[in-house]
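Here are the chains, one letter per residue:
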There are 2 protein chains.
Amino acid sequence: MNVTAFKRRKEFGKTLASDIAHRMRNEIVTCRLKPGEVLKFDTLRLAYGASFTTLREALTCLAAEGLVVAEEQRGFKVAPISLSDLIDLTRARILIEVDLIRRSIENGNDDWEIAVISSIHRLGIIEGREVEDYADNPEWKLAHREFHESLVAACGSPTLLGIRQSLFERAERYRNISARFRPRPRDKAGEHRALMKAAVGRDADRACELIARHIQNTTDNVIKYASELFSQN
Amino acid sequence: MNVTAFKRRKEFGKTLASDIAHRMRNEIVTCRLKPGEVLKFDTLRLAYGASFTTLREALTCLAAEGLVVAEEQRGFKVAPISLSDLIDLTRARILIEVDLIRRSIENGNDDWEIAVISSIHRLGIIEGREVEDYADNPEWKLAHREFHESLVAACGSPTLLGIRQSLFERAERYRNISARFRPRPRDKAGEHRALMKAAVGRDADRACELIARHIQNTTDNVIKYASELFSQN
DNA sequence: TCAAGCCATATTTTCGAAAATACTACCGCT
DNA sequence: AGCGGTAGTATTTTCGAAAATATGGCTTGA
């Protein structure tokens, strides 16, 4: 059969461009690529081992997600962070997440409930293992992301789910910045459990209230511990 | 000084890729490029006079906006239309537009009010000129778009404004389909005037109510006159 | 007749060079 | 000194060919 080429390592997606986009997205979200940093093609070519065109496609993709900004004829740079961007982002996320969780609770069937419960359980296991700040752990980040995804998974709106995802990623960058500077992790586990209970208990009003507060709390924390890192406007 | 090259006609944006994206966006929204149509590079190269790479970048951009879908290693096609997509889109638009119009009414200053009034006036002039169905007129479409933009312009959320714009464009495709099949145009002018009055009268609740109904009415009309054109799922 | 494997062709994806454009440092002028 | 223009360099953008991958038809064997 067709031995799918292993000349190149393609971890996600089938095309090189989408693979590079994925790797860069990760580096931006974890701030290995710093906010505002200019992305020169010569440098990128060296770092990712791909040609101009391929890199360009990856960057175009990330620009559409808001992780990179393209200034025509003057190249690309990592999207800057700012207090106003964080506030804007937070408000947008609350608007959308609240709507999706309500719809998910309305539509979700047994499988959905099971997925919610099993994803918070996985999160709990990881949290139990690490006595230190678990929020730095990539494994926790993935499980955390999947828990929140499971809550809204039954909403039935592919359009808003896609938007939600890219907003979540933009927000994760701010969370990662704050994680490095805050004295100790906030206790999110309780908030997550309460969310799960409201969801499987089909208490939509309460779930909406909780998710809105959860998102807002996280943002307030970022502002408290990391706002001096932001540019002004 | 720098004589900005006129070798190529670049109507919008400075790069060829963004210009082509703009032209293709227009052709998709007006359904000159039909829903579901496969976009082969050889054909596109002929039609737009650009190379593989440049076209690829334009397509990547449009894919992020949801007007084109990319199937890895199997090329691009114009995003299909369907009843479920229209319903999903409509609900997402109402959620966002309602929030933005409310915030715009809260934040808008005198300049905003003036912009709203002048854009509906322009719309009225165009409608007055044409006795026939004005909704086919590109000039009307532009003015219509700008009126709706002016309503939300003062919301203060760049993120949601960007999202709103791409949803608006996806919806415009459905409006254009329906416009060709419905017996006579619905009277939108009244709805627009009422919206304008609620906005400048700072009656946020009423404006939200009106915009939600306006969007829903438009969708109901599309479904009534053109739903048999959609694919099932 | 049908399914599975394989070759030839069509198509997409990737590359590195060439063209276009922006940036910088320098020079002459007021 | 400060400003405007200019040439040279750095960088991005575009191109068309080459590599990789999918598609469709054909042959073979059951």
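Not measured: the values here are computed from a predicted model. (Residues numbered from 1 in each chain as written. Chains lettered and ligands numbered in written order. Predicted model: local features only at pLDDT ≥ 70, side-chain atom pairs only at ≥ 80, totals over all residues. Heavy atoms only, no water.)

A. Molecular detail of the sheet that holds strand β3 (residues 76-78) of chain B. Residues and elements named next belong to chain B. Sheet architecture is open: 3 strands sit in the order β1-β3-β2, paired in antiparallel fashion. Looking at strand neighbours, the two that pair on one side only are β1 (38-39) and β2 (68-70), the edges of this open sheet. Pairing between β2 and β3: 3 bridges, direction antiparallel. The partner of Val68 across the bridge, within β3, is Val78. (Pairing = 2+ DSSP bridges. Helix = DSSP H or I, 4+ residues; strand = E, 2+ residues; numbered from the N terminus.)

B. Summary view of unusual backbone geometry. Residue and element names in this part refer to chain B. Phi angles above zero are rare outside glycine, and Cys31 is one such case at about 65°. With respect to the helices, strands and loops of the structure, Cys31 is situated in the loop between α1 (16-29) and β1. Even without being glycine, Gln73 reaches a positive phi, approximately 65°. Tracing the backbone through its elements, the reader meets Gln73 in the loop between β2 and β3. Classification of Gln73 as exposed rests on a relative accessible area of 59%. (Buried < 20%, exposed > 50% of the residue type's maximum accessible area, 1.4 Å probe, protein only.)

C. Molecular detail of the pattern of salt bridges. Residue and element names in this part refer to chain A. Tallied over the entire structure, the rule returns 33 salt bridges over all chains. Across the pair Arg25 and Glu65 runs a salt bridge, and its minimum N-O distance is 2.4 Å. Taken as a pair, Arg25 in helix α1 (residues 16-29) and Glu65 in helix α3 (residues 52-65) lie far apart in primary sequence, 40 residues in all. Residue Glu65 is classed as buried on the basis of its relative accessible area of 18%. (Salt bridge = Lys/Arg side-chain N within 4 Å of Asp/Glu carboxyl O.)

D. Spatial organisation of the sheet that holds strand β3 (residues 76-78) of chain A. Residue and element names in this part refer to chain A. Pairing is antiparallel in the open sheet, where 3 strands are placed in the order β1-β3-β2. Where the open sheet ends on each side, the last strands, each with one partner, are β1 (38-39) and β2 (68-70). As paired strands, β1 and β3 are joined by 2 bridges and run antiparallel to one another. Looking across to β3, one finds that Leu39 is bridged to Phe76.

E. Looking closely at the relation of the copies chain A and chain B. For the pair chain A and chain B, the superposition axis carries a translation of 0.0 Å, the fit reaches an RMSD of 0.0 Å, and the rotation angle comes to 180°. Each copy turns onto its partner about a two-fold axis. When the interface residues of chain A are mapped onto chain B, 100% of them again lie at the interface, so the same face is used by both copies. (Least-squares fit on C-alpha atoms with pLDDT ≥ 70 in both. Contact = heavy atoms within 4.5 Å.)

F. Representation of the interface of chain A and chain B in the model. If you look at the interface, chain A gives 27 residues, while chain B gives 27 residues. For the pair chain A and chain B, the summed buried surface comes to about 2400 Å²; carbon and sulfur atoms form 58% of the total. In this structure, the connection of chain A to chain B is made through 2 salt bridges. Close ionic contact of Arg56(A) with Glu57(B) constitutes a salt bridge, the shortest N to O distance being 2.5 Å. Applying the counting rule to chain A against chain B returns 12 residue pairs in polar contact (both at pLDDT 80 or more). Mapped onto the side of chain A that touches chain B, the elements with two or more residues apiece are α3, α4 (83-107) and α7 (158-181) of chain A. If one sorts the elements of the side of chain A that touches chain B by residue count, α4(A) sits on top with 7 residues. Within the side of chain A that touches chain B, the residues separate by chemical class into 9 nonpolar, 8 polar and 10 charged. (Buried area = accessible area lost by both parts, 1.4 Å probe. Polar contact = N/O pair within 3.5 Å; in protein donor to acceptor, adjacent residues only side chain to side chain. Nonpolar A, V, L, I, M, F, W, Y, C, P; charged D, E, K, R; others polar.)

G. Examining the environment of Glu169(A) more closely. Residue and element names in this part refer to chain A. In this fold, Glu169 is placed in helix α7. Taking the relative accessible area as the measure of exposure, Glu169 reaches 10% and is therefore buried. Separated by 21 residues in the primary sequence, Glu169 and His148 have C-alpha atoms spaced 12 Å apart. Other than its neighbours up to four places away in sequence, Glu169 contacts Arg25, Val29, Glu65 and Arg145. Reaching out from Glu169, the side chain makes a polar contact with the side chain of Arg145 at a distance of 2.8 Å.

H. Looking closely at the protein's contact with DNA strand D. Taken together, 25 residues form the shell around DNA strand D, and within it Arg56(A), Gln73(A), Leu16(B), Thr53(B) and Arg74(B) come nearest. Backbone sugar and phosphate groups make up 82% of those atoms of DNA strand D lying within 4 Å of the protein. Contacts to DNA strand D include Gln73(A), whose backbone N or O atom sits 2.7 Å from a phosphate oxygen. Within the contact set of DNA strand D, a phosphate oxygen lies 2.3 Å away from a backbone nitrogen or oxygen of Leu16(B). For the surface near DNA strand D, the elements supplying multiple residues, two or more each, are α3 of chain A together with α1 and α3 (52-65) of chain B. Ranked by residue count, the leading element in the surface near DNA strand D is α3(B), at 3 residues. (Near = heavy atom within 4 Å.)

I. Spotlight on the packing of aromatic side chains. Going through the model one piece at a time under the given rule, you end up with 4 aromatic pairs over all chains. On the numbers, 6.1 Å between centres and 85° between planes, the contact of Phe41(B) with Phe76(B) is edge-to-face. Of this pair, Phe41(B) sits in helix α2 (residues 41-48) while Phe76(B) sits in strand β3, and the two are 35 residues apart along the sequence. The pair formed by Phe41(B) and Phe76(B) is uniform in burial state, with each residue classed as buried. Here a set of aromatic residues connected by ring pairs shows up, and it is made of Phe41(A), Phe52(A) and Phe76(A). Over the aromatic face of Phe168(A) sits the side chain of Arg175(A), whose NZ or CZ is 4.5 Å from the ring centroid. (Phe/Tyr/Trp six-rings, centres within 6.5 Å; stacked < 30°, edge-to-face > 60°. Lys NZ or Arg CZ within 6 Å of the ring centre and 35° of its normal.)

J. Geometry of empty space enclosed by the protein. Residue and element names in this part refer to chain A. On inspection of all chains with the given rule, the structure shows 7 cavities of 30 Å³ or more. Taken as a whole, the largest cavity encloses approximately 130 Å³ of empty space. Considering the residues around the largest cavity, the lining is formed by 15 residues, among which Ala135, Trp140, Arg175, Arg182 and Lys188 are closest to the centre. Only α6 (138-152), α7 and α9 (204-226) provide two or more residues apiece to the lining of the largest cavity. The element contributing the most residues to the lining of the largest cavity is α7, with 5 residues. Here the lining of the largest cavity is composed, by residue class, of 4 nonpolar, 5 polar and 6 charged. (1 Å grid on protein atoms, 1.4 Å probe; cavity = no way out; pocket = protein on both sides within 12 Å on 5 of 7 lines; lining within 4 Å. Points joined across faces, edges and corners; volume = space filled by probe spheres on them.)

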